[in-house]
Amino acid sequence: MPSQPDAQIGLYRSLVADRGLLLVLDNAGDVGQVTPLLPGGSSAAVLITSRDNLNGLAATHGATSVTVPSLSRAESRELIATRLGPERLAAEPAAVDALTSLLGGLPLALSILATRAREHARFSLESLVCELRDETARLAALDVGGAVSVRAVFSWSSAALPPDLVRVFGLLGLAPQADLSLAAAASLVGLGTGEARAALSALERASLVEEHQPGRYRMHDLVKLYAFERAADLPVAERDAALPRLTDFYLHSACAAQKPLDPTDPTRPWITIDPPEPGCVPLGFTTPKEALDWFRAEAACLVTAQHEAVARGWHGVVWRLAWAQTAYYQQVGHPHLLHELWTVGLASARALGDGEVLLLALRRLGNASRRIGGFADAVELLEESVALATVVGSPFDQVLCLLTFAECLQTVGDSQGALDQCDRAEAINRTLDDPSLTLRVLASVAWYAAGCEQYERAEEAARTAVTLVVPGDFHAMTAILDTLGHIACRTGRLDQAADHYDEALAIAVENDDEYSIGDTAENVGWVYAMRDDLDRTTSRWNQAVHSYVVQQRAADAARVLGLLERLRQAESPAALVAERDTAAHP
C-alpha cells in the first residue's frame, strides 16, 4: 500500500476503473473531498449524498444534482407508522398530524421522535406534541444521545461556515417572518444587496437556506430554531440592531408603496417617520402596479412585522404600518384584515396619547368596522372621533371625521343623515385652502345628495370635483364617475350612465382596483338590464362575482350569483328590472 495520499488515490482509481460498481460516497463535505474518489472509467455509477449541493461536479463531471425535499404529511405518517405501528397512529390521529407539522417532514427528526415514542410506549403521543410546541425546547427534544440529534447534524453544516456566514445565519434566525425577500434579508443582516445574495447563495449550498421562489428565501423551521440559538453567540449589539433594521425596512417600504396608491391622501403631510436604522435600505416605488405587486408579495410579512412591533411596544411602528397598508386593502378588498390592522393600530394610538394619531385611528377603524358590517362599533368609534376632533383636532381633522361618519350613516341607509354630516364638513372646509380635501368633500356631497334624490346638486358637485382630480388619483376619478353613472341612471339617461360606469370600470381594471371593480360592474350590469341587453348584463355581473370572490366578499358574491340565476329564469333583463322595482315599491 503506498504511503502517500496521491499514490493511494492513484491505486484506488486503477482498481475501480472500468469495473461495474455502484460507489456510495455518503455525507461528502465538498467537491474537493469527492473528486479524487471518482472512478476514471464510465462503467461505474457513483451516488453521493451531501448537505452541500456540490454544483461544481455538474460543471466538471456532468453530475446530475437531485435535491431531496422534506417528506410530505403522508410520507411522514408512513415513516412514523413503520416505527410505531398503524394501531398507535390510529389511536391519536390529531397528535400525529401535529407531530408531522411540528417536525416539517425532516426524516431524522421524525425517526428520533418515533424512537422516543417507542421507548416510552405507555406515554401518549400528545405528551410529545406538548413538549415540541415549546420552541425553546424543541431541538433538545430531538436528541437521543451521542451524535444522533438534529442539533448535532445542523452543527456539522454550520461548523464549516466562515465567520461572516455564521453571522448571517444567526441573524436570519431572528426574523419572525416565514420567509424574506432578498431586500428584506439584506436589511436584516445589514449588508448590501449583492453581498446578501452571495451570502444567501452560500447558505443555500450548505442546505441551510432555500430560495423557494425567485428572490425569496426561507429556512426549515428546525433549522431556523438552530439559527436562533447560534445568534446567541453573536455580540449583543449585533443581535439588538437586526430586528429594528428589518422592521424599518417594512415600515419605510410600505410608506413608499402607499404613495402611488393614494397620492392625495390628506393625512400624508403630517405623518412623519424617523430615518431608517443604519444598514437598512428600504425600497422605492413609482407606479401603482409596482406598489400593488410589492404589497401582495409582502402581505404576510407586513402582518408579522406589525405583530412583532406590538409585542415589543413599538407603538409608533404599529399605527404607521396600519396606515401604510390602508390604501392597499381598500383597493384589493379583504376588509377583515384591514380591521385587524387598525384594531391594534387604535390600541397603540391610545397608548401613545397623541390626539392627532388617535383621531386617525378612530376614523380608520370606524371605517373598517363599517366595511365588515360592524355598524354599531363603527358608529361608536366615529362618534368618538367627531367629538374628539371638536376638542383637540384642527378644522382639517373635523372635516375628515365628519366625512367618514357620513359613510357609515349611508351604509345603514340614512342618506339624509349622511348628507347632513357632509354639509357640516363642507361648511368647515370653506375656511380651509386644501384642494385635495375639497375634492373629497365634493365627491361625498355628490354621492349623498344623489342618495337623497337631489340630483341637480349632486351632478354639479361631481362635475366640480372632476376638475380637482390630479393625475394618478384613479381612486377619486373612479368614485366620481361611478357617482355620475348613478345620477344619470336615476334621471333616465341610460346611455350616459353606461358610459360613465364603463369608464370607471376601465380605470379600475387598469389599476387593479378590485374593490371598485366589483361595485361598478354590478352597478353597470343593472343599467344594461334596464336597456334589455342580456349579454352585457351577464358579462358585467360575472365580472362583479369574480371580483367579490377575489376580495372574499362572500355575501356580495352570493347576491350577484342570485341575480344571475334570476336573470336566466326571467323572460328578459328588463323583466328582472321590473321585478326589482315592484319589490322596492309594491
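Heads up: these notes are all about the structure in this document. (Residues numbered from 1 in each chain as written. Predicted model: local features only at pLDDT ≥ 70, side-chain atom pairs only at ≥ 80, totals over all residues. Heavy atoms only, no water.)

**Here's the deal with unusual backbone geometry**
Right, so step 1: Its identity is not glycine, yet Asp532 carries a phi of approximately 65°, on the positive side.
Right, so step 2: For Asp532, the position within the fold is in the loop between helix H27 (514-530) and helix H28 (534-550).
Right, so step 3: Take Asp532: its relative accessible area is 40%, and that puts it in the partly exposed class.
Right, so step 4: Residues other than glycine seldom take positive phi values, yet Gln552 does so here, at roughly 65°.
Right, so step 5: Counting through the fold element by element, Gln552 comes out in the loop between H28 and helix H29 (554-569). (Helix = DSSP H or I, 4+ residues; strand = E, 2+ residues; numbered from the N terminus. Buried < 20%, exposed > 50% of the residue type's maximum accessible area, 1.4 Å probe, protein only.)

**Brief notes about the packing of helix H4 (residues 73-84) against helix H7 (residues 107-119)**
Right, so step 1: At a minimum axis separation of 9 Å, H4 and H7 run at an interaxial angle of 30°. Every pair of crossing elements has a handedness; the one defined by H4 and H7 is right-handed. Contacts from Ser76, Leu79, Ile80, Arg83 and Leu84 of H4 reach H7 at Pro107, Leu110, Ser111, Ala114, Thr115, Ala117 and Arg118.
Right, so step 2: Classifying every residue of the contact of H4 with H7 by side-chain character gives seven nonpolar, three polar and two charged. (Axes fitted to C-alpha atoms, helices over the stretch in contact; angles between N-to-C directions. Left-handed = near helix turned anticlockwise from the far one by under 90°. Contact = heavy atoms within 4.5 Å. Nonpolar A, V, L, I, M, F, W, Y, C, P; charged D, E, K, R; others polar.)

**Considerations on empty space enclosed by the protein**
Right, so step 1: Inspection of every chain in the model, using the stated rule, returns three cavities of 30 Å³ or more.
Right, so step 2: Size it by volume and the largest cavity reaches roughly 120 Å³.
Right, so step 3: Lining the largest cavity are 13 residues, and of these Leu172, Leu180, Tyr217, Arg218 and Met219 sit closest to its centre.
Right, so step 4: A breakdown of the residues in the lining of the largest cavity according to their chemical character gives nine nonpolar, one polar and three charged.
Right, so step 5: Reported here for the second largest cavity is a volume of approximately 60 Å³.
Right, so step 6: Lining of the second largest cavity is provided by Thr267, Trp270, Glu356, Leu359, Leu360, Arg363, Asp397, Leu400 and Cys401. (1 Å grid on protein atoms, 1.4 Å probe; cavity = no way out; pocket = protein on both sides within 12 Å on 5 of 7 lines; lining within 4 Å. Points joined across faces, edges and corners; volume = space filled by probe spheres on them.)

**Considering the sheet that holds strand E3 (residues 180-181)**
Right, so step 1: In space, the three strands of this open sheet follow the order E3-E5-E4, with antiparallel pairing throughout. At either margin of the open sheet sits one strand with a lone partner, and together these are E3 and strand E4 (210-213).
Right, so step 2: In this structure, E4 lies alongside strand E5 (residues 216-218), joined through three bridges in antiparallel fashion. Pairing of Glu211 across the sheet is with Tyr217, part of E5. (Pairing = 2+ DSSP bridges.)

**With respect to the nonpolar core**
Right, so step 1: Among the nonpolar cores identified, the biggest contains 146 residues, and Phe169, Leu172, Leu180, Leu203, Tyr250 and Trp294 are the most heavily contacted of them.
Right, so step 2: Looking at which element gives the most residues to this core, the answer is helix H17 (residues 315-332), with eleven residues. (Core = buried A, V, L, I, M, F, W, Y, C linked by side-chain atoms within 4.5 Å.)

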